[in-house]
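# Descriptive analysis of the structure
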Amino acid sequence: MRHKLFSMLLVAFVAVLPASIRADEPAPPFLTHVRQLTFDGKRSGEGYFSADGSKMIFQSEREADNPFYQIYLMNLQTGDTQRVSPGYGKTTCSWVHPDGQHVLYASTDADPDAKAKQKAELDDRAAGKQKRYAWDYDEHYDIYTQELATGQRVNLTNTLGYDAEGSYSPNGKLIAFASNRKAYSAPMSDEDKKHFEMDPAYMMDIYIMNADGSDVKQLTNVPGYDGGPFFSADGKKICWRRFSPDGATAEIFTMNIDGSDQQQLTHMGAMSWAPYFHPSGKYLIFTTNKHGFANFELYMVDAAGKHEPVRVTDSDGFDGLPVFSPDGAKLAWTSNRTAAKQSQIFIADWNHAAALAALGGETSVAPQQVVTTPEPAAPTDADITPADLRTHITYLASDALEGRLTGTKGEQLATQYVADNFKSFGLAPAGDGGSYFEPFDFTAGIDLGDHNTLTLRDQTYKLNEDWRPLSFTKPGKIDPTQIVFVGYGIVAPADNGNDGYDSYVHQDVSGKWVMMLRYMPEKIDEKERHTLSRYASLRYKAMIARDKGAAGIIIVSGPNSKVKHQLVPLGDDASLAGTSVAAITVTDDMANKWLAAAGKNLKELQDKLDTGDAMIGFDLADLKLSGNMDIRSIKRTGRNVIARLAAGDTPTKSAVIIGAHVDHLGHGEESGSLAHAGEQGEIHHGADDNASGVAAMLEIAQWLKHMKDTGKLKLEHDVIFAAWSGEELGLIGSSHYVQAHDDKDHALRDHVAAYLNMDMVGRYVDKLIVQGTGSSTHWGALIEKANVPVGLNIATSADSYLPTDSTSFYAHGVPILCAFTGAHEDYHRPTDTADKINYEAAAKIARFMGLLTRSLAITADVPEYVAQKRPESGARGGSLRAYLGTIPDYSQGDIKGVKLSGVAKGGPAEKAGVRGGDIIVNLAGRKIENIYDYTYAIEALKIGQEETMIVERDGKTVELKITPQSRD
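Residues numbered from 1 in each chain as written. Predicted model: local features only at pLDDT ≥ 70, side-chain atom pairs only at ≥ 80, totals over all residues. Heavy atoms only, no water.

### Things to note about the overall build of the protein chain
Each helix and strand counted, the protein chain has 19 helices and 51 strands in total. Counting all 968 residues of the protein chain, 55% fall into the buried class. Here the analysis covers contacts within the protein chain between residues at least 6 apart in sequence; of these, 67% occur between residues at least 24 apart. When the accessible area of the protein chain is evaluated, it comes to approximately 38,700 Å², of which 49% is carbon and sulfur surface. (Helix = DSSP H or I, 4+ residues; strand = E, 2+ residues; numbered from the N terminus. Buried < 20%, exposed > 50% of the residue type's maximum accessible area, 1.4 Å probe, protein only. Contact = heavy atoms within 4.5 Å. Areas by Shrake-Rupley, 256 points an atom, 1.4 Å probe, with all protein chains shown as cover.)

### Describing the sheet that holds strand β22 (residues 319–324)
Pairing is antiparallel in the open sheet, where four strands are placed in the order β1-β24-β23-β22. The open sheet is flanked by β1 (31–36) and β22, the only strands paired with a single partner. Strand-to-strand, the axes of this sheet are offset by a mean angle of 25°, without reference to chain direction. Across four bridges, β22 lies against strand β23 (residues 330–335) in antiparallel orientation. Each residue of the ladder has a partner; that of Asp319, found in β23, is Ser335. (Pairing = 2+ DSSP bridges. Axes fitted to C-alpha atoms, helices over the stretch in contact; angles between N-to-C directions.)

### Some points on helix α11 (residues 602–609)
Every buried residue of α11 is accounted for by Leu602, Leu605, Gln606 and Leu609. Each buried residue of α11 sits inside an arc of 95° when the element is viewed along its axis, so together they form one side. Opposite the buried face of α11, at more than 90 degrees from it, the exposed residues are Glu604 and Lys608. Where the residues of α11 are buried, they touch β30 (476–485), β32 (501–502), β33 (513–517), β34 (552–556), α10 (588–596) and β36 (618–629). Regarding α11, its N-cap is Asn601, as a side-chain oxygen of that residue lies 3.0 Å from the backbone nitrogen of Lys603 further along. (Arc of directions from axis to C-beta. Polar contact = N/O pair within 3.5 Å; in protein donor to acceptor, adjacent residues only side chain to side chain.)

### A short note on the packing of helix α12 (residues 687–709) against helix α17 (residues 839–857)
At a minimum axis separation of 9 Å, α12 and α17 run at an interaxial angle of 50°. Between α12 and α17, the interaxial angle falls into the category oblique. The chirality of how α12 crosses α17 is right-handed. In contact with Ala696, Ile700, Trp703, Leu704 and Met707 of α12, α17 contributes Ala846, Arg847, Met849, Gly850, Leu851, Thr853 and Arg854. In the contact of α12 with α17, the residues fall into eight nonpolar, two polar and two charged. (Parallel < 35°, antiparallel > 145°, perpendicular 65-115°, else oblique. Left-handed = near helix turned anticlockwise from the far one by under 90°. Nonpolar A, V, L, I, M, F, W, Y, C, P; charged D, E, K, R; others polar.)

### A few points about the nonpolar core
Counting 71 residues, the largest nonpolar core has Phe422, Phe721, Phe848 and Met849 as its most contacted members. Leaving out residues up to four positions away in the same chain, Met849 has contacts with Ile658, Ile700, Leu756, Asn757, Met758 and Ala819. Membership of the second largest hydrophobic core comes to 58 residues, among which are Leu37, Tyr207, Ile252 and Met300. (Core = buried A, V, L, I, M, F, W, Y, C linked by side-chain atoms within 4.5 Å.)

### What to know about unusual backbone geometry
In this model, Asp689 is joined to Asn690 through a cis peptide bond whose omega is 5°. For Asn690, the location among the structural elements is in helix α12. The phi torsion at Asp261 lies on the positive side, around 55°, for a residue other than glycine. Mapped onto the secondary structure, Asp261 falls in the loop between β16 (250–256) and β17 (263–264). If you check the backbone angles, Leu321 has positive phi at about 55° while not being a glycine. We classify Leu321 as buried; its relative accessible area is 4%.

### Let's talk about the pairing of β30
In this sheet, β36 lies alongside β30 in antiparallel orientation, the contact comprising seven bridges. If you follow Thr481 over to β36, its bridge partner there is Leu625. Across three bridges, the pairing between β30 and β33 is parallel. Opposite Phe485, over in β33, you have Met515 as the bridge partner.

### Let's talk about the sheet that holds strand β8 (residues 142–147)
Strands sit in the order β6-β7-β8-β9 across an open sheet of four strands; the sheet is antiparallel. In this open sheet, the two strands that pair with only one neighbour each are β6 (91–96) and β9 (153–155). Strand-to-strand twist in this sheet, taken as the mean axis angle between neighbours without regard to direction, amounts to 25°. Judged from the six bridges that link them, strand β7 (residues 102–107) and β8 form a sheet pairing that is antiparallel. Counted as the bridge partner of Leu104 is Thr145 from β8.

### A closer look at the packing of aromatic side chains
Evaluated as defined, the whole model comprises 34 aromatic pairs. On the numbers, 6.4 Å between centres and 40° between planes, the contact of Tyr283 with Trp350 is tilted. Of this pair, Tyr283 sits in strand β19 (residues 283–288) while Trp350 sits in strand β24 (residues 344–350), and the two are 67 residues apart along the sequence. When sorted by exposure, Tyr283 lands in the same class as Trp350, which is buried. (Phe/Tyr/Trp six-rings, centres within 6.5 Å; stacked < 30°, edge-to-face > 60°.)

### Some points on the packing of helix α6 (residues 386–396) against helix α7 (residues 409–425)
Interaxial distance between α6 and α7 falls to 10 Å at its minimum, and their mutual angle equals 155°. Here α7 runs roughly antiparallel to α6, going by the angle between their axes. For the pair α6 and α7, the contacting residues are Thr391, His392, Tyr395 and Leu396 in the first and Leu413, Ala414, Tyr417 and Asn421 in the second. The residue makeup of the contact of α6 with α7, split by class, is five nonpolar, three polar and no charged.

### Observations regarding the pattern of salt bridges
Counted by the stated rule, this structure contains 34 salt bridges. For Asp109, the salt bridge identified is with Arg153, shortest N-O distance 2.5 Å. Separated by 44 residues along the polypeptide, Asp109 in the loop between β7 and α2 (114–126) and Arg153 in strand β9 bring together distant segments of the chain. Under the relative-accessibility criterion, Arg153 is labelled partly exposed at 27%. In this structure, the salt-bridge partner of Arg125 is Glu121, at a minimum N-O distance of 3.0 Å. Here Arg125 pairs with Glu121, and both are found in helix α2, just four residues apart, close to one helical turn. Exposure remark for Glu121: the relative accessible area of 15% places this residue in the buried category. Among the ionic contacts, a cluster of salt bridges with common partners joins Lys90, Asp111, Lys117 and Asp138. (Salt bridge = Lys/Arg side-chain N within 4 Å of Asp/Glu carboxyl O.)

### Some thoughts on the environment of Thr313
Locating Thr313 in the fold gives a position in the loop between β21 (310–311) and β22. Each C-alpha atom, one on Thr313 and one on Glu297, is 5.6 Å from the other, the two residues being 16 residues apart in sequence. Only 2.6 Å separates the side chain of Thr313 from the side chain of Glu297, close enough to count as a polar contact. In this structure the side chain of Thr313 is engaged in a polar contact, spanning 2.9 Å, whose partner is the backbone nitrogen of Leu298.

### Things to note about α6
Residues of α6 that are buried include every one of Asp388, Leu389, His392, Ile393, Tyr395 and Leu396, and no others. One side of α6 carries all its buried residues, which in axial view fall inside an arc of 165°. At its buried positions, α6 is contacted by α7, α12 and α17.

Structural data, given as structure tokens:
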């Protein structure tokens, strides 16, 4: 094994990591576009590029009959992967020869007991006797070279002892490797024997030999483990890591290839290992646990060791074994940030200039691919064309706009682009103060201040480990105050045959802390769950406690809730105002210790409460809790972009509005990201969602303006074009517009004849979904007429309450229509990129929506409004706790049931055998006809309790068993 620490501590990492690994890397300057490269096997790691960068060789445990690592070669251009090692025995530490025709690795397959050891390990695992994972420095390891075309192998070392960790020099003439062979071939002192028996790595040293295995020379000779040698790109230097004799620490070293000029580059007093040269030779990257035994991060240090090392990654768990691509533009490394917390290889773009600057060196470097802000394109054609759509979408979905998150520079660039185009078309500004922009302020989140404390007697608790304020807490100081436990903290009146529920019976909580469980009783029946759910939200519980005179609330999840995170996330409810009581969340362990003072146990209490029976609360002896709550709202400003195509010299009484949201998810930092493992933190480009809709709106605006200018369009209504921001955060921009143009008498209806929306119109496959047809009887004939010259395959949906900006208008009495081409596997992921847009079809959709707009604008008639009852959506006061991992296909039209566009990898649905394309018609005995039925059914599910899901698949009914997980 080239890197001892990786193997020795892997199991420990899994034990200490929190349930959620943050996969986002630091914002530029160092790493961008982080993604997972390997996915198969129990674990994979130690990936090394070929000299031309087209391949990667790595080790992985993925053979069914072999529990040990084998060596695999991946074609980075096609993704094809082949095993190159024999398939039996243990293998490790591979390399591709510069000629690309040979590979190097270490193997024990010549050990006569190799297969017996495999079987013994498999038998132990099957019997549940698997030992703690550790590297054993098997003395049968030898280094082999193998011709890829023929599979012919040559044993280059053929010496008793651990020979491994080999790498070729850049010219392929030399091999550097590590070995403890000296312990098997030369006398040792009694002290060395003692150390060696305890740790075979103690006798490891660095060696060098010719590529054919001849002329072996020892380069290091000190007590302790020297290992992991790599050549610099010019072939003049070798880097390696040296452990202290007791194995407690390791530091990074370099030397000349003859062993001279040995220099220590780091003095971190930690496990610093796995160094690798950048091809420039100016610095090295390495791994260290400076921040804790189980938290390995990547650092870099200049090649002379003159400057303090600089941190590169900032993710909990293991990030190690880094290697640069031959051109220095990419970094690959091994990490256990995967969903299963198993190690796999990740890859990212590397910013060499930023690295040099951070290390205090020069910043002028060889040209690399650098993403800059694209210049707005040359004037587009007056007609609606695929080329113009490509121009707009390519800009809006470019890396430089960083996902267009509302209130960020990326959103400002996007909105400026739209405004510039409106101006170039000759459209009049219709925003605030005679501009194209309509700014709005919003709360982007909540952050912790610097003065949060929580103390009980002499015990001060750790923020974000033991406790955390809730986002809606009352700020300020609370003097030592008594604690009272009130079960689930729910007060619900008798309703629809259900008995009332009151957690505060015979309990005076005035002026006290009220400790309560987070959700609602776990074992009550479905009817009771639906009744209590509307009273179970934290906001509602806080309101009840406040009204009863409580000084504060303490939320504890409880062991039966089976949550991923015991502390309530700070971001929950961030956009709402605070309350007049202190509000905190604490861990189960803290709550249990407090309850013990009253002779109680949290698990026993929750078990009793989960039956549905309320219980009388009780004081927690003489415990008095004090603290200070310091919460800060993060305020941002977003902006809509609005322009008007006027029918005449003065505004018409009412206008037709056509709009699309311009914002997206940024790097996925706000809620809504569906990034897969390894994609978190990357730019969510939003090409389809919703650069496609904005591009179509711009094309329609230019086309209609040109028609009017050339006398081909006589308008009866003004046409307003709008690019809304804040849609992804909750329809903030369109809601702001509606509120600004409405009053208590719903006067918006007098100003807006109809609203047309385009949200995701770039992925046309077999149909365009036109939603909202139930908002007016006017739509049927108009849709047919507009489609005659276009010829799209259209499906309609009557539902008018949609998860997009049209709902802001429909809720205020305006008829709406929405164009949508459907969800897909790239929805809300970084992979929603401009190259995947169907530009030909998008142009047809833009023309179709333009014809609809034209038809509405050239007639004095105004479509009548048809009101629809807003369907119950479930989770009325609480939240959907159960997670199934299904991705509904909102383009399904009027199909009975809920059609799925896909399922989340590794989620309950995938494990149950649910597939994309399935139509869910029944869940847990409840009939499913629409998304609202489905949401309501999910609300009643219990975490960890298996339920039946019935789906329609290829005309057949399939019954599946699914076990919900906790969403929190």
